[in-house]
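Below, each chain spelled out in residue letters.
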Amino acid sequence: MLTTKDFDYHLPEHLIAQTPLADRAASRLLVLDRQTGRKQDLHFDQIINFLNPGDALVVNETRVIPARLFGIKPETGGHLEVLLLNNTQGNQWECLIKPARRAKTGTQIVFGEDGRLTATVVSEGDHGGRIIEFSYEGVFLEILESLGQMPLPPYIKERLEDADRYQTVYAKENGSAAAPTAGLHFTDELLEAIKAKGVEIIPLVLHVGLGTFRPVSADSIEDHEMHAEYYQLSQESADAIQAVQARGGKIFAVGTTSVRTLETIAAKFDGQVRADSGWTQIFISPGFEFKVVDHLITNFHLPCSTLVMLVSAFYNREAVLAAYEHAVEAEYRFFSFGDSMLIL
């Protein structure tokens, strides 16, 4: 039985990328071949050499919203930090609040000097999780754009000068609390070159939520409970994936979010890809049988995280940890603004 510690590795702090590179596609690319065990140290723009006419690149078009809000409790003047995670229904959102002890059910929160956005804590969950209901006049996302900040992960200490660098160039659908970081390496120019080679770019949506921020606390990975994230695959995209599979093309999933969406749908429809939407709590760990994804493009993830477990399921734990050790020795850049890996 695998434990959480089986997915640990040593990462020197100076290898955690604090800022994005000037050129997205200039990041490094570690290529792992599952058939031969070979490793190659390349740069991301060389990924086009591994894509063939008839293949498909499946990308997550979610867009990160400025989901970090700073408010006060009007009755005490106490300050609260609110991180929006999922729009559960209407004006209600699942969120994390710090300090959580100050945000009991019924707590009122006011955002902005003019108080044009207010909220009430509706219910309490674990680890600082809350459901809050907003009150406002106008368009919520416009208010959020003016009051909110980009919700960078806690390991990034540097200020992000250009908020668009925490968005993929193809981001469209508002709703994520974090970026699908494997896609941050693509430029418009690289995507056009990939299309010109005869490779399809197929979109889907998975809004990245609470699971990204919550560590695995269980000793045994079997005891870990994933939180739900909303996904959507259109009929057009489902048809395109089916056509690629029918002609023998390969499915390259850009990021773990694309993997989770495709494999959730395949599990639901007996291995088939169909148009679908809903909430997924899929937890992919070693022993999982992949039905759709042929190749994976992914960043380097936090030690002991569910994402390292997913990547280990796609290859194997020993090979993935060896690749991570190689990346540390070669001084790759890690996490959200870091370098990338392609598993063939």
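Model, not experiment: these values are computed from the prediction.

About the cut-offs
- Residues numbered from 1 in each chain as written.
- Predicted model: local features only at pLDDT ≥ 70, side-chain atom pairs only at ≥ 80, totals over all residues.
- Heavy atoms only, no water.
- Domains from an automatic or database assignment.
- Contact = heavy atoms within 4.5 Å.
- Buried area = accessible area lost by both parts, 1.4 Å probe.
- Salt bridge = Lys/Arg side-chain N within 4 Å of Asp/Glu carboxyl O.
- Polar contact = N/O pair within 3.5 Å; in protein donor to acceptor, adjacent residues only side chain to side chain.
- Pairing = 2+ DSSP bridges.
- Helix = DSSP H or I, 4+ residues; strand = E, 2+ residues; numbered from the N terminus.
- Axes fitted to C-alpha atoms, helices over the stretch in contact; angles between N-to-C directions.
- Core = buried A, V, L, I, M, F, W, Y, C linked by side-chain atoms within 4.5 Å.
- Buried < 20%, exposed > 50% of the residue type's maximum accessible area, 1.4 Å probe, protein only.
- Patch = residues over 30% accessible without salt bridge, like charges linked within 9 Å, V, L, I, M, F, W, Y side chains within 5 Å.
- Areas by Shrake-Rupley, 256 points an atom, 1.4 Å probe, with all protein chains shown as cover.
- Lys, Arg positive; Asp, Glu negative; His and termini not counted.
- Charge placed at Lys NZ, Arg CZ, Asp CG, Glu CD.
- Phe/Tyr/Trp six-rings, centres within 6.5 Å; stacked < 30°, edge-to-face > 60°.

Q: What is the right way to look at the domain arrangement of the chain in this model?
A: When the parts of a complex come together, some accessible area is lost, and that lost area is often used as the size of the interface. Its domain assignment divides the chain into domain 1 (4-64 + 162-343) and domain 2 (68-149). Relative placement of domain 1 and domain 2: their C-alpha centres are 31 Å apart. On the side of domain 2, 11 residues touch domain 1, which itself brings 12 residues to the contact. Summed over both sides, the interface between domain 1 and domain 2 buries roughly 850 Å², with carbon and sulfur atoms accounting for 58% of that surface. Counting across the interface, domain 1 meets domain 2 through 1 salt bridge. Two residues, arginine 63 and glutamate 145, come together in a salt bridge whose shortest N-O distance is 3.5 Å. In this structure, the connection of domain 1 to domain 2 is made through 1 residue pair in polar contact (both at pLDDT 80 or more).

Q: How do you make sense of the sheet that holds strand E16 (residues 295-299) when you look at a structure like this?
A: Pairing between sheet strands relies on hydrogen bonds along the backbone, with the strands arranged either parallel or antiparallel. Strand order in the open sheet formed by 9 strands is E2-E1-E17-E16-E14-E3-E12-E13-E15, with mixed pairing between adjacent strands. Bordering the open sheet on either side are strand E2 (39-43) and strand E15 (276-280), each of which pairs with just one other strand. Averaged over all adjacent pairs, the angle separating strand axes in this sheet is 20 degrees, with direction ignored. Sheet strands in contact with helix H6 (residues 317-329) are strand E1 (28-32), E2, E16 and strand E17 (340-343), and its direction is about 50 degrees off that of E2.

Q: Just checking my understanding: could you explain the nonpolar core for this structure?
A: Generally speaking, nonpolar side chains in soluble globular proteins are found buried as a group. Within the largest apolar cluster, 66 residues are counted, with the highest numbers of intra-cluster contacts made by Tyr166 and Phe334. Per-element accounting of this core gives the leading share, 7 residues, to H6. In this structure tyrosine 166 touches Val64, Met150, Pro151, Leu152, Pro153, Leu160, Ala178, Ala179, Leu184, Ser336 and Phe337, once residues within four positions along its chain are discounted. Core analysis: the second largest hydrophobic core is formed by 24 residues, Ile65, Leu80, Trp93 and Ala119 among them.

Q: I would appreciate a short explanation of unusual backbone geometry in the present structure.
A: When glycine is set aside, most residues are seen to have a negative phi, and most peptide bonds are trans. Along the chain, lysine 98 connects to proline 99 via a cis peptide bond; the corresponding omega equals -10 degrees. Relative to the assigned elements, proline 99 resides in the loop between strand E7 (92-98) and strand E8 (108-111). For aspartate 270, which is not glycine, the phi torsion reads 55 degrees and is therefore positive. Looking at the secondary structure, you find aspartate 270 in the loop between helix H4 (256-268) and E15.

Q: Is there a simple way to think about the environment of glutamate 329 in this case?
A: Its location among the elements puts glutamate 329 in helix H6. In this structure, the C-alpha to C-alpha distance between glutamate 329 and leucine 11, residues 318 residues apart in sequence, is 9.8 Å.

Q: Would you explain a negative patch on the surface in this entry?
A: Judged by side-chain charge, Asp23, Asp45, Asp188 and Glu189 come together as a negatively charged surface patch. Position of glutamate 189 among the secondary structure elements: in helix H2 (residues 188-196). Since its relative accessible area comes to 60%, glutamate 189 is described here as exposed.

Q: Any chance you could explain the pairing of strand E14 (residues 251-254) here in plain terms?
A: When a strand is regular, its side chains alternate between the sheet's two faces. What you see with E14 is no split at all: Ile251 and Ala253 on one side and Phe252 and Val254 on the other are buried throughout. One ladder, built from 3 bridges, connects strand E3 (residues 56-60) with E14; its direction is parallel. For leucine 57, the partnering residue across the bridge sits in E14 and is phenylalanine 252.

Q: Teacher, can you tell me more about the packing of aromatic side chains here?
A: The relation between two aromatic rings is expressed through the spacing of the ring centres and the mutual angle of the planes. Inspection of every chain in the model, using the stated rule, returns 17 aromatic pairs. Aromatic pair phenylalanine 111 and phenylalanine 134: ring centres 6.0 Å apart, planes at 50 degrees, arrangement tilted. On the criterion of sequence distance, the pair formed by phenylalanine 111 in strand E8 and phenylalanine 134 in strand E10 (residues 129-136) is long-range, its members being 23 residues apart. For the pair formed by phenylalanine 111 and phenylalanine 134, the shared burial category is buried.

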